[in-house]
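Here is how the chains run, residue by residue.
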Amino acid sequence: MRHIPNILSFIRLILVGVFIALFINGKYIAALATYVAAFATDLLDGYLARRNNWISDLGKVLDPLADKLLLIAAIVCFWSEGWLDTWILVVVLAKESLMIIGGVFMLKRKVVVYADWFGKIAAGLFNAAVVLTILKAELLPQIGILNTIVFAAAIVAALGALVHYYFKTVNPYFLKKREEKKRS
């Protein structure tokens, strides 16, 4: 039972590929349903892992990786259709790349960076922006300004989360190492 959160994360990784395939083939509503299902697995695996203390080292890596790949897949798909400006693609890819590289760097030093409310708010806004982008393109073009506002809020929140995680985890790590070096 304790492996259920990791199984859900693996399912989310598979759904990234399904989302891309559906999107590329112009099945945007099916891609939207897949994205929402993937997001639901994220909510469920996080809930189960915390509620039942089914937290594992694999899950600490797999869950955020699946989240980031799902978001990156959606952003790249949207950009490829001309639904997003290039600067949004660049900002999101840069931020997510820094988070992945930073996470790997800290993990190698046995420091796990846990998501907190800053990251969860940014992720929630990005998920809303993804849903709104597909709805705008397929069903509700009149929500264009709302879609733009939510994307802008997601980007601001994500950059704020990046700075927050740096000062919460990376900077204290280096300060601690510097102090240890001074003492020795």
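This one's a predicted model, so the numbers in the text were calculated from it and none came from an experiment. (Residues numbered from 1 in each chain as written. Predicted model: local features only at pLDDT ≥ 70, side-chain atom pairs only at ≥ 80, totals over all residues. Heavy atoms only, no water.)

### A look at the overall build of the chain
- Counting secondary structure elements, the chain contains six helices and zero strands.
- In sequence order, the secondary structure elements of the chain are arranged as α-α-α-α-α-α.
- Relative to the 2.2 N^0.38 estimate, which gives 16 Å for 184 residues, the radius of gyration of the chain is 18 Å and therefore close to what a compact globule would have.
- Dimensions of the chain, computed from the C-alpha atoms along their principal axes, are close to 65 × 40 × 25 Å.
- On the chain, roughly 10500 Å² of surface is accessible, and the fraction owed to carbon and sulfur atoms is 70%.
- Where the 20 positive side-chain charges of the chain centre and where its 12 negative ones centre are 10 Å apart. (Helix = DSSP H or I, 4+ residues; strand = E, 2+ residues; numbered from the N terminus. Rg over C-alpha atoms; globule rule 2.2 N^0.38 Å. Areas by Shrake-Rupley, 256 points an atom, 1.4 Å probe, with all protein chains shown as cover. Lys, Arg positive; Asp, Glu negative; His and termini not counted. Charge placed at Lys NZ, Arg CZ, Asp CG, Glu CD.)

### Here's the deal with the side chain of Thr133
- By the element assignment, Thr133 lies in helix 5 (residues 117–138).
- Thr133 sits in the buried class, given a relative accessible area of 1%.
- Within polar-contact distance, the side chain of Thr133 engages the side chain of Asn147 at 3.1 Å.
- In this structure, Thr133 is in contact with Phe78, Trp83, Asn147 and Phe151, ignoring residues within four places of it in sequence. (Buried < 20%, exposed > 50% of the residue type's maximum accessible area, 1.4 Å probe, protein only. Polar contact = N/O pair within 3.5 Å; in protein donor to acceptor, adjacent residues only side chain to side chain. Contact = heavy atoms within 4.5 Å.)

### So, the packing of helix 3 (residues 57–80) against helix 5
- One can describe the packing of helix 3 onto helix 5 by two numbers: an axis separation of 11 Å at closest approach and a directional angle of 35°. Judged by the sense of rotation from one axis to the other, the crossing of helix 3 with helix 5 is left-handed. Within the contact between the two elements, helix 3 uses Leu71, Ala74 and Phe78 and helix 5 uses Phe126, Val130, Thr133 and Ile134.
- Considered class by class, the residues forming the contact of helix 3 with helix 5 number six nonpolar, one polar and no charged. (Axes fitted to C-alpha atoms, helices over the stretch in contact; angles between N-to-C directions. Left-handed = near helix turned anticlockwise from the far one by under 90°. Nonpolar A, V, L, I, M, F, W, Y, C, P; charged D, E, K, R; others polar.)

### Some remarks on the nonpolar core
- Core analysis: the largest hydrophobic core is formed by 35 residues, its most contacted members being Phe19, Phe78 and Phe126.
- Mapped onto this core, the elements with two or more residues apiece are helix 1 (4–24), helix 2 (28–52), helix 3, helix 4 (86–108), helix 5 and helix 6 (144–183).
- Setting aside anything within four residues of it in sequence, one finds Phe78 in contact with Phe19, Phe23, Trp83, Leu84, Val130, Thr133 and Ile134. (Core = buried A, V, L, I, M, F, W, Y, C linked by side-chain atoms within 4.5 Å.)

### Section: the pattern of salt bridges
- Applying the stated criterion across every chain yields a total of six salt bridges.
- The residue Arg12 makes a salt bridge to Asp45 at a minimum N-O spacing of 2.8 Å. Of this pair, Arg12 sits in helix 1 while Asp45 sits in helix 2, placing them 33 residues apart in sequence.
- Across the salt bridge formed by Asp63 and Arg12, the nearest N and O atoms sit 2.4 Å from each other. Placement of the pair is Asp63 in helix 3 and Arg12 in helix 1, with a sequence separation of 51 residues. For the pair formed by Asp63 and Arg12, the shared burial category is buried.
- Members of the salt-bridge network, linked through shared partners, are Arg12, Asp42, Asp45, Asp63 and Asp67. (Salt bridge = Lys/Arg side-chain N within 4 Å of Asp/Glu carboxyl O.)

### Comments concerning the environment of Met99
- Mapped onto the fold, Met99 is located in helix 4.
- By relative accessible area, which is 16% here, Met99 ends up buried.
- Residues Met99 and Pro64, spaced 35 residues apart in sequence, show a C-alpha to C-alpha distance of 9.6 Å.
- Among all residues touching Met99, those that are not within four sequence positions of it are Lys68, Leu162 and Tyr165.

Note that all results are geometric; they support no functional claim without further evidence.
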